[in-house]
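# Observations on the three-dimensional arrangement
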Amino acid sequence: LAKTTQPISMDSYEGQEVNITCSHNNIATNDYITWYQQFPSQGPRFIIQGYKTKVTNEVASLFIPADRKSSTLSLPRVSLSDTAVYYCLVGLILTGGGNKLTFGTGTQLKVEL
Amino acid sequence: DTGVSQDPRHKITKRGQNVTFRCDPISEHNRLYWYRQTLGQGPEFLTYFQNEAQLEKSRLLSDRFSAERPKGSFSTLEIQRTEQGDSAMYLCASSLEAGSYEQYFGPGTRLTVT
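The shown structure was predicted, so the numbers you read here are calculated from the model rather than taken from an experiment.

## Considerations on the overall build of chain B
- Secondary structure assignment for chain B yields 0 helices and 11 strands.
- Overall, chain B shows an N-to-C arrangement of helices and strands of β-β-β-β-β-β-β-β-β-β-β.
- Considering only C-alpha atoms, chain B reaches an extent of 40 × 25 × 25 Å along its principal axes.
- Taking all 114 residues of chain B together, 48% fall into the buried category.

## Structural notes on the nonpolar core
- Membership of the largest hydrophobic core comes to 20 residues, with the highest contact counts inside it found for I33, W35, I47, L73, L75 and Y86 of chain A.
- Elements with a minimum of two residues in this core: strand 2 (18-23), strand 3 (33-38), strand 4 (45-50), strand 6 (61-64), strand 7 (70-75), strand 8 (84-90) and strand 11 (107-112) of chain A.
- It is strand 8 of chain A that provides the largest number of residues to this core, a total of 4 residues.
- In terms of nonpolar packing, the next biggest core, distinct from the first, is built from 19 residues, V4, I26, L46 and F49 of chain B among them.

## Observations regarding the sheet that holds strand 5 (residues 53-56) of chain A
All names here are of chain A.
- Taken in spatial order, the 4 strands make up an open sheet running 2-7-6-5, and their pairing is antiparallel. Looking at strand neighbours, the two that pair on one side only are strand 2 and strand 5, the edges of this open sheet. Put simply, the sheet's adjacent strands are angled 15° from each other on average, direction ignored.
- Direction of pairing for strand 2 relative to strand 7: antiparallel, over a ladder of 6 bridges. What sits directly across from I20, in strand 7, is L73.

## With respect to the side chain of T34 of chain A
- For T34 of chain A, the position within the fold is in strand 3.
- Among the residues examined, T34 of chain A registers a relative accessible area of 0% and is labelled buried.
- The residues contacting T34 of chain A, other than those within four sequence positions of it, are F46, I48, Q49, Y87, C88 and L89 of chain A together with Y101 of chain B.

## Topic: the side chain of S94 of chain B
Residues and elements named next belong to chain B.
- Following the sequence through the fold, S94 ends up in strand 9 (residues 88-95).
- In this structure the side chain of S94 is engaged in a polar contact, spanning 3.5 Å, whose partner is the backbone nitrogen of I26.
- A polar side-chain atom of S94 sits 2.8 Å from a polar atom in the side chain of H29.
- Setting aside anything within four residues of it in sequence, one finds S94 in contact with V4, P25, I26, H29, R31, L32, Y33, E102, Q103 and Y104.

## Brief notes about the state of the cysteines
- Taken as a whole, this structure holds 2 disulfides over all chains when the rule is applied.
- Disulfide pairing is shown between C22 of chain A and C88 of chain A; the S-S distance is 2.2 Å. As the torsion about the S-S bond is roughly -80°, the C22 of chain A-C88 of chain A disulfide counts as left-handed. Of the two residues, C22 of chain A sits in strand 2 while C88 of chain A sits in strand 8, which places them 66 residues apart along the sequence.
- At a sulfur-sulfur separation of 1.8 Å, the disulfide partner of C23 of chain B is C92 of chain B. Looking along the S-S bond of the C23 of chain B-C92 of chain B disulfide, the torsion reads about -65°, which is the left-handed sense. Of the two residues, C23 of chain B sits in strand 3 (residues 19-24) while C92 of chain B sits in strand 9, which places them 69 residues apart along the sequence. In terms of burial, C23 of chain B and C92 of chain B fall into one category: buried.

## Describing the interface of chain A and chain B
- Chain A puts 26 residues into the contact, and the matching count from chain B is 24 residues.
- Across the interface of chain A and chain B, roughly 2,000 Å² is buried in total on both sides, 54% from carbon and sulfur atoms.
- If you look at where chain A meets chain B, you find 0 salt bridges.
- Remark: the boundary between chain A and chain B carries 7 residue pairs in polar contact (both at pLDDT 80 or more).
- Among the secondary structure elements, those contributing two or more residues to the side of chain A that touches chain B are strand 3, strand 4, strand 9 (92-93) and strand 10 (99-100) of chain A.
- The element best represented in the side of chain A that touches chain B is strand 3 of chain A, accounting for 3 residues.

The rules we used
Residues numbered from 1 in each chain as written. Chains lettered and ligands numbered in written order. Predicted model: local features only at pLDDT ≥ 70, side-chain atom pairs only at ≥ 80, totals over all residues. Heavy atoms only, no water. Helix = DSSP H or I, 4+ residues; strand = E, 2+ residues; numbered from the N terminus. Buried < 20%, exposed > 50% of the residue type's maximum accessible area, 1.4 Å probe, protein only. Core = buried A, V, L, I, M, F, W, Y, C linked by side-chain atoms within 4.5 Å. Pairing = 2+ DSSP bridges. Axes fitted to C-alpha atoms, helices over the stretch in contact; angles between N-to-C directions. Contact = heavy atoms within 4.5 Å. Polar contact = N/O pair within 3.5 Å; in protein donor to acceptor, adjacent residues only side chain to side chain. Disulfide = S-S within 2.5 Å. Buried area = accessible area lost by both parts, 1.4 Å probe. Salt bridge = Lys/Arg side-chain N within 4 Å of Asp/Glu carboxyl O.

This is the structure we're talking about:
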């Protein structure tokens with residue numbers, strides 16, 4: 001099971017772009033990279049998922065280099081409400097198609113005015 | 001649909017008591033997961049159901065823990081003879097698509113064992 005490593009914390013200001021990098025040196029060929037966001041006293045929320053190159057949705061972009069040993073979550077123009085813990089995951093596919101999400105300690109992002 | 005719901009939201013119990021938590025997934029989701037989260041840590045996988053079948057259990061799920069999903073709808077997680085180390089947030093999640101890593105989490109049940 002691929003282990004992920006990401007910074008414990010990051011600080012930013014409103015309106016800035018934030019990039020959180022995650023390393024996953026032992027990622028397997030079939031593994032996808034997924035990012036979740038979690039606010040205090042709430043369950044995690046799916047942000048984005050990718051396999052290679054770049055993926056973009058309405059809230060974030062995910063950049064994955066060719067060797068797939070790292071990935072970068074990019075949050076454009078953050079606001080105070082983006083203050084949360086961000087988790088990088090490399091999931092394991094289970095029998096029947098389910099996914100065993102393995103969370104690390106995540107990156108605490110703090111956005112200030 | 002209002003998403004994944006969990007009941008109760010908070011539970012305080014004395015050591016040695018049994019507790020049961022309920023999770024109602026998003027109605028069309030056939031996959032259901034339980035996780036446990038302690039302070040400062042990410043959620044840890046406990047178990048997984050596809051419909052009513054329990055297909056995966058973590059070694060974290062000791063024999064004091066049991067989970068069921070009768071009829072493939074709601075699920076219950078029971079902890080017998082609770083210990084102080086069981087104090088945590090218990091999260092339920094559900095998903096629909098095979099191979100997708102997008103799981104929808106409920107708000108969790110916070111258990112405090114005194």
